[in-house]
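In case you want the letters, here they are:
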2 protein chains.
Amino acid sequence: MVHYVELPGDRRYPVVIESLAALPAWLERVGLRHGRLLLVTDENIARLHLEPLRAALEAAGWTPRVLVLPPGEPTKALPYLERIYDEALRWGIDRRTPVLAFGGGVIGDLAGFAAATLLRGLPLVQVPTTLIAQVDSAIGGKTGINHARGKNLIGAFHQPVLVFADPSLLQTLPVREWTSGLAEVVKHALIGDPALFALLEERWADVMQRDAALLPELISQAVAVKIRVVMQDEREAGLRAILNFGHTFGHAIERVAGYGHFTHGEAVALGMLAALWLSHRRHPDLPVDRIRTLLQRLPVPGSPDTLDFEALREAMQVDKKALAGRLRFVLLRRVGEAYVADDVTEAELRDAWQFVLESHRATVTS
Amino acid sequence: MVHYVELPGDRRYPVVIESLAALPAWLERVGLRHGRLLLVTDENIARLHLEPLRAALEAAGWTPRVLVLPPGEPTKALPYLERIYDEALRWGIDRRTPVLAFGGGVIGDLAGFAAATLLRGLPLVQVPTTLIAQVDSAIGGKTGINHARGKNLIGAFHQPVLVFADPSLLQTLPVREWTSGLAEVVKHALIGDPALFALLEERWADVMQRDAALLPELISQAVAVKIRVVMQDEREAGLRAILNFGHTFGHAIERVAGYGHFTHGEAVALGMLAALWLSHRRHPDLPVDRIRTLLQRLPVPGSPDTLDFEALREAMQVDKKALAGRLRFVLLRRVGEAYVADDVTEAELRDAWQFVLESHRATVTS
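Please read these numbers as outputs of a predicted model, since none were measured by experiment.

Considering the interface of chain A and chain B
Contacts between chain A and chain B engage 30 residues on the former and 31 residues on the latter. Buried surface at the junction of chain A and chain B, summed over both partners, amounts to about 2700 Å²; 55% is from carbon and sulfur atoms. Counting the surface chain A buries against chain B, the share from its top three residues, L89, R95 and R120 of chain A, is 26%. The tally of links from chain A across to chain B stands at 10 residue pairs in polar contact (both at pLDDT 80 or more). Breaking the side of chain A that touches chain B down by element, the ones donating at least two residues are α3 (78-91), α4 (105-117), β7 (142-147) and β8 (150-157) of chain A. A class-by-class count of the residues in the side of chain A that touches chain B yields 13 nonpolar, 5 polar and 12 charged.

Points about the domain arrangement of chain A
Residue and element names in this part refer to chain A. Here chain A is partitioned into domain 1 (2-172) and domain 2 (175-365). Placing a centre on the C-alpha atoms of domain 1 and another on those of domain 2 gives a separation of 27 Å. Taken together, the contact pairs 26 residues of domain 1 with 28 residues of domain 2. For the pair domain 1 and domain 2, the summed buried area comes to about 2400 Å², and 65% of that belongs to carbon and sulfur atoms. Counting every contact that joins domain 1 to domain 2 gives 4 salt bridges. Ionic pairing is found between E254 and K151, a salt bridge with its closest N-O pair at 3.8 Å. Our count for the contact surface shared by domain 1 and domain 2 stands at 9 residue pairs in polar contact (both at pLDDT 80 or more). Mapped onto the side of domain 1 that touches domain 2, the elements with two or more residues apiece are β1 (2-7), β2 (11-17), α5 (131-137) and β8. With 6 residues, the single largest contributor to the side of domain 1 that touches domain 2 is α5.

Some remarks on the UniProt feature "binding site: NAD(+)" (unreviewed entry) in chain A
Residue and element names in this part refer to chain A. Per the UniProt record, the feature "binding site: NAD(+)" (unreviewed entry) sits at G105, V106, I107, G108, D109, T129, T130, K142 and K151. Along the chain, the position of I107 falls in helix α4. If we skip the residues at most four places from it in the chain, I107 touches V40, T41, D42, L69, A101, F102 and G112. Setting aside its immediate chain neighbours within four residues, D109 contacts K76, K142, T143, G144 and N152.

Structural notes on the sheet that holds strand β4 (residues 63-69) of chain B
Residues and elements named next belong to chain B. One open sheet holds the 7 strands; their spatial order is β1-β2-β9-β6-β5-β3-β4, and the pairing between them is mixed. Only two strands of the sheet have a single neighbouring strand rather than two, namely β1 (2-7) and β4. Taking each pair of neighbouring strands and ignoring which way they run, the sheet shows an average axis angle of 15°. Here strand β3 (residues 36-42) runs beside β4; their pairing, made up of 7 bridges, is parallel. The residue of β4 that forms the bridge with T41 is V68. In the packing of helix α4 (residues 105-117) onto the sheet, the strands contacted are β3, β4, β5 (99-103) and β6 (124-128), and the crossing angle to β5 comes to about 170°.

A look at helix α10 (residues 247-257) of chain B
H247, T248, F249, G250, A252, I253 and E254 of chain B are the residues of α10 of chain B that are buried. After α10 of chain B finishes, the residue G258 of chain B shows a positive phi value of roughly 95°.

Here we look at the packing of helix α11 (residues 264-282) of chain A against helix α12 (residues 288-296) of chain A
Residues and elements named next belong to chain A. Following both chains from N to C, one finds α11 and α12 inclined at 175°, their axes separated by 10 Å at the closest point. Taken as axis vectors, α11 and α12 run roughly antiparallel relative to one another. Packed against α11, whose contacting residues are M272, L273, L276 and H280, the element α12 presents V288, I291, R292 and L295 at the interface. A per-class count over the contact of α11 with α12 returns 6 nonpolar, 1 polar and 1 charged.

Things to note about unusual backbone geometry
For R210 of chain A, which is not glycine, the phi torsion reads 55° and is therefore positive. Along the chain, R210 of chain A falls in the loop between α8 (204-208) and α9 (215-232).

Procedures and definitions
- Numbers given for residues are sequential positions, taken from 1 along each chain in its written order.
- Starting at A for chains and at 1 for ligands, labels are handed out in the order in which the entities are written.
- Per-residue local features are limited, in this predicted model, to residues with pLDDT of at least 70; the limit for side-chain atom pairs, both in listing and counting, is 80 or more; totals at the level of whole chains, interfaces and linings are taken over all residues.
- Only hydrogens and water are set aside when side-chain values are computed; all heavy atoms of the structure are taken into account.
- Whether two residues are in contact is decided by their heavy atoms, any of which lying within 4.5 Å being enough.
- Summed over both partners, the accessible area (1.4 Å probe) lost when two parts come together is defined as the buried area.
- Each polar contact in these results corresponds to two N or O atoms within 3.5 Å; when the atoms are within protein, one needs to be able to donate a hydrogen and the other to accept it, and residues that are neighboring in sequence are counted only if both atoms are side-chain atoms.
- Numbering of helices and strands runs from the N terminus, with a helix taken as a DSSP run of H or I at least four residues long and a strand as a DSSP run of E at least two residues long.
- In this classification, the charged set is Asp, Glu, Lys and Arg, the nonpolar set is Ala, Val, Leu, Ile, Met, Phe, Trp, Tyr, Cys and Pro, and all remaining amino acids, among them Gly, are polar.
- Delimitation of the domains relies on an automatic or database domain assignment.
- In the sections that follow, a salt bridge refers to a side-chain nitrogen of Lys or Arg positioned within 4 Å of a carboxyl oxygen of Asp or Glu.
- UniProt positions are given in the numbering used here, feature names are shortened, and annotations may be inferred rather than shown by experiment.
- Only strands that DSSP links by at least two bridges are regarded as paired with each other.
- The convention used is that axes are lines fitted to C-alpha atoms, helices contributing only their stretch in contact, and that angles between N-to-C directions extend from 0 to 180 degrees.
- Relative accessibility decides the category of a residue: with a 1.4 Å probe and only protein chains considered, values under 20% of the type maximum give buried, values over 50% give exposed, and everything between is partly exposed.
- Note that the term roughly parallel is reserved for angles under 35 degrees, roughly antiparallel for angles over 145, roughly perpendicular for angles of 65 to 115, and oblique for everything else.

Encoded structure:
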């Protein structure tokens, strides 16, 4: 399956959902010429999936140079960016040497930023290996690294020339990474696609079991939502903010609990419950029970009720500074339609958080 | 005087040639809102010119945060980029906080790259303080830093929202920096503007004396050439390469002599003599004596005849790798019209270098 991201200035690139064996043919199709290729990955992916990919590239005439980095969020930082710079320039690159990011969001963002900035921009190929990267982070051109002061504070917009998602790679994901990715799939359904919402409702058991026949379709539908949003707002001037559904509380939860306690997807799952409550208050026709039931199916281990509400509120205030003044929430008007609101009151925040805790408890005890 | 750089996608920004006192009004005109502003400069410029600028900004309602870095090429490197990141994020910025680069090429490239990558892109204001920056490096969106493996290997294209060149700042430039900048002005005349060439021929004494009545016009004409080239080729896919007139030999001369021995402008002045010889060989109608005379007026202290020709040739080969295979020279078809050639032979290189040395000796002894 292929989708296309079309952007102003005749820029256009495919998002391919297919087996990795087809990657070399697609590299050619997007106009990349055989030669050196800088492949950046992490130790987990290298162990599980690197050799077949390397063999396929070599068979097609490429000379991949492979850089294997430690897995995990701390890799998304300046020292590792510098390491990519050093290795790439030591090996020898020119402005046509592609960078292939083979991994999850950390590798995609980091290698993507290296591609954005080596020789003022190298062609970037995203080969995402996690669900969240396949349906979200690998698409749209956001690249960057973290800084001691916060996540993603340094980066660039650099659109890839190709995104290539092989659903079979997801079979080896740890279960918690799988369900975290599902939170983003649910998010895409809620903000942009009632049909995907229905598919998730109907086939949840198959989804959780990573049914190989279902995955390509599931990914394709979620990808389509992301592409639609990116095409309307490449630089996040407005609409693209709806991708932050569940993220106002979500970011605060991650921060207050300490990064790594909840996964990003788990925090967003909780944040979506809060956003659901706020949405339902404004739009009583919203099918709140159906949405809540789907969100409750996303497993969130841990105890959000140990988080201090005041700390969450403060963490949201910090986030707010970055947006110059107002606390913004993405809300749902109906399933498939989201918008940004800045009229949420303090009292509502508290009630929304109660709704999150009640909903979470109901899951745990059910 | 105002020129406009117009780029695809309705992007457009002014290049203003005016006294610094007019800067705050122009900040407003390009849509920047009062608030924090990150001002990056170096110690020399800070000593000579910072206070009036700071006062003007504060009087207009801005809160400038000033970062003063050491002058010189070594500042254009990762540790200083990191320092800008740290200070900017410590002070607190949002996506609308402008970065104002107040300095020569080093500050413009470094602060420009910081602006390109902080929060995935902040508005950039270039306030160039050297001749070379005013007519060349501050315009066109090239930003970046050096790497141990070579110059400008890490960077991004990030167009400024405003370039503001105050000619009076040039009165305090050390003489060698002034004449180095003139090399680029001569280059712009040769590749793009016969009228500017004539102006330089006729008023060379005034030019060398930095006649205050002449400077705005001189800068304006040189700026116009640069803008024309950038508008036709923002990302250096083709035409923009003509800005490298004199640079194939020039880069090799800088490298072989050791960076800092010749200034960039001096090396380019010598390189233009080589390119002139190669051009004349292909285009006998070229007014080689007039051009040579103008180039000889550019003072180049030092002894290029101590440079080893074989070392120069090798240095050009290294440069060539970065362009995937062929040694490329920018040549003149006539005054005001340049193109890229890749048919230069080894024997020609040697003869061209002899022409450089003879021309340089003739200057020194004349």
